[in-house]
Amino acid sequence: MGKGIKMEFAKKKNSDDAIFHISKLQKSDNGNLSCRYCGAEIQYVSAHTRGASKTPISAHLKLWQDAEHSDGCGYSMNGAVKLLVADSNSVESTNPIFELQDDGSYRFRMNILIDAQKVARNIAESGDRFECSGRLSNRRNYIRSEKQLASYFRSAVGIAKLRSRIQESSDAEELKRLVKIQYKKDFISWKDFYYDDTRYHVLFNRLTKGSFPHPVAINLTLKGRVGFYKEAKYFPWSFQCYSQIKKENNKKLVYIPKLQLAKENFHRPMSDGETFLIVGNAWANKVKDDSSIFRNFNISVFNQSQFNKELDVEG
């Protein structure tokens, strides 16, 4: 059995049913922490940096060695998927983006997300004057409101967030079994949808061969302060992010993502060193010249629900 996902809330064994956010916990609490859902023993892992890029890794909670979540626990893979699907499908008047299959898995309907992104982009580009029409979505006018758009993006970010918090390959395989991503009449692999900071080079190389026909999910850690460029037509605000440094053919290459934001209020909950899951359109910049070691690519945000912190805020 897998180790479940990284956790952000826990109970203390000597505090009855009180639930504590990780910001209220520390390493000295180890030995006194249990899963908020099933009571399995868990431990606090301190914040640290990873790899040559010195990317900050936030503090998180994980299972003790040999501990296991109970079946259906909200922090097990199966339980976490069911909670996410239930939350996604609870929004009224939306065409469900997750569809239950006969084998108990869920079909993630990428076409709905693509249509939602098209509407969000048109709203942003027209200064909020855009009105959704029946011509979208093959005449299926199921994207009618900001609430629905937000629901679709939250669902996409939520499923990517589960992937980012997986700690073992067995859980990654379980997620693949539980959630299958459909694009048009075919299915796409998880590796074509989700990219963490160990696979920036894969994404960049794929983008240089042509734009993706569907949105992708990227795990980004922000670096520095937001930049503002008033001459930019669609994305005046942007963040540089921590890179992936990789040696290829005896040459060091640096893969640098940039987060592009359409509205000012998007960056207000963001700050240096925080890690976010972003679902959006990605594209690569042209390499300056053969001697350059830098490989830059971008991901765009038109709707605030396209991003979320990797670990939840207190609440």
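Below, the structure is looked at part by part. In this text the structure is predicted, and so the values were computed from the model without any measurement. (Residues numbered from 1 in each chain as written. Predicted model: local features only at pLDDT ≥ 70, side-chain atom pairs only at ≥ 80, totals over all residues. Heavy atoms only, no water.)

As a further point, take the overall build of the chain. Check the secondary structure of the chain and you find 6 helices and 20 strands. Computed over its C-alpha atoms, the radius of gyration of the chain comes to 20 Å, within 12% of the 20 Å expected for a compact globule of 315 residues. Counting only C-alpha atoms and orienting by the principal axes, one finds that the chain spans roughly 55 × 50 × 35 Å. With 315 residues in all, the chain has 50% of them scored as buried. For the chain, the share of sequence-separated contacts (at least 6 apart) that also reach a separation of at least 24 residues comes to 61%. Looking at the chain as shown, the accessible area adds up to about 15,900 Å², and 45% of this sits on carbon and sulfur atoms. For the chain, the separation between the mean place of its 50 positive charges and that of its 36 negative charges on side chains is 7 Å. (Helix = DSSP H or I, 4+ residues; strand = E, 2+ residues; numbered from the N terminus. Rg over C-alpha atoms; globule rule 2.2 N^0.38 Å. Buried < 20%, exposed > 50% of the residue type's maximum accessible area, 1.4 Å probe, protein only. Contact = heavy atoms within 4.5 Å. Areas by Shrake-Rupley, 256 points an atom, 1.4 Å probe, with all protein chains shown as cover. Lys, Arg positive; Asp, Glu negative; His and termini not counted. Charge placed at Lys NZ, Arg CZ, Asp CG, Glu CD.)

Further remarks concern unusual backbone geometry. A negative phi angle is the norm for most residues apart from glycine, just as the trans form is the norm for most peptide bonds. In this structure, Asp66 takes a positive phi of about 75° despite not being glycine. On the secondary structure map, Asp66 appears in the loop between β7 (60-63) and α1 (77-89). Residue class for Asp66 comes out exposed when judged on its relative accessible area of 70%. If you check the backbone angles, Asn250 has positive phi at about 65° while not being a glycine. Relative to the assigned elements, Asn250 resides in the loop between β15 (244-248) and β16 (251-261).

Note that Thr275 resides in strand β17 (residues 275-280). Side chain to side chain, Thr275 and Thr221 meet in a polar contact 2.8 Å long. Setting aside residues up to four positions removed in sequence, Thr275 forms contacts with Pro56, Asn219, Leu220, Thr221, Asn308, Lys309 and Glu310. (Polar contact = N/O pair within 3.5 Å; in protein donor to acceptor, adjacent residues only side chain to side chain.)

Contact pair helix α2 (residues 110-125) / helix α3 (residues 146-164): the axes reach a minimum separation of 10 Å and the direction vectors enclose 130°. Here α2 lies oblique to α3, going by the angle between them. Like other packed secondary-structure pairs, α2 and α3 cross with a definite hand, here left-handed. Across from Ile112, Leu113, Ala116, Gln117, Val119, Ala120 and Ile123 in α2, the residues of α3 making contact are Glu146, Leu149, Tyr152, Phe153 and Ala156. (Axes fitted to C-alpha atoms, helices over the stretch in contact; angles between N-to-C directions. Parallel < 35°, antiparallel > 145°, perpendicular 65-115°, else oblique. Left-handed = near helix turned anticlockwise from the far one by under 90°.)

Let us look at the sheet that holds strand β3 (residues 33-34). If you trace the 3 strands from one edge of the open sheet to the other, you get β2-β1-β3, paired in antiparallel fashion. What marks the edges here is a single partner per strand, and that holds for β2 (19-21) and β3. The sheet contact formed by strand β1 (residues 9-12) and β2 spans 3 bridges and is antiparallel. In the sheet register, Ala10 faces β2, and the bridge partner there is Phe20. (Pairing = 2+ DSSP bridges.)

Taking burial as the measure, the 5 residues of strand β10 (residues 179-183) include 4 buried ones, the bulk of the element. Examined bridge by bridge, strand β9 (residues 106-109) and β10 share 4 bridges and lie parallel to one another. Paired with Tyr106 across the strands is Val179, a residue of β10.

Spatial relationships are all this shows, so hold off on functional conclusions.
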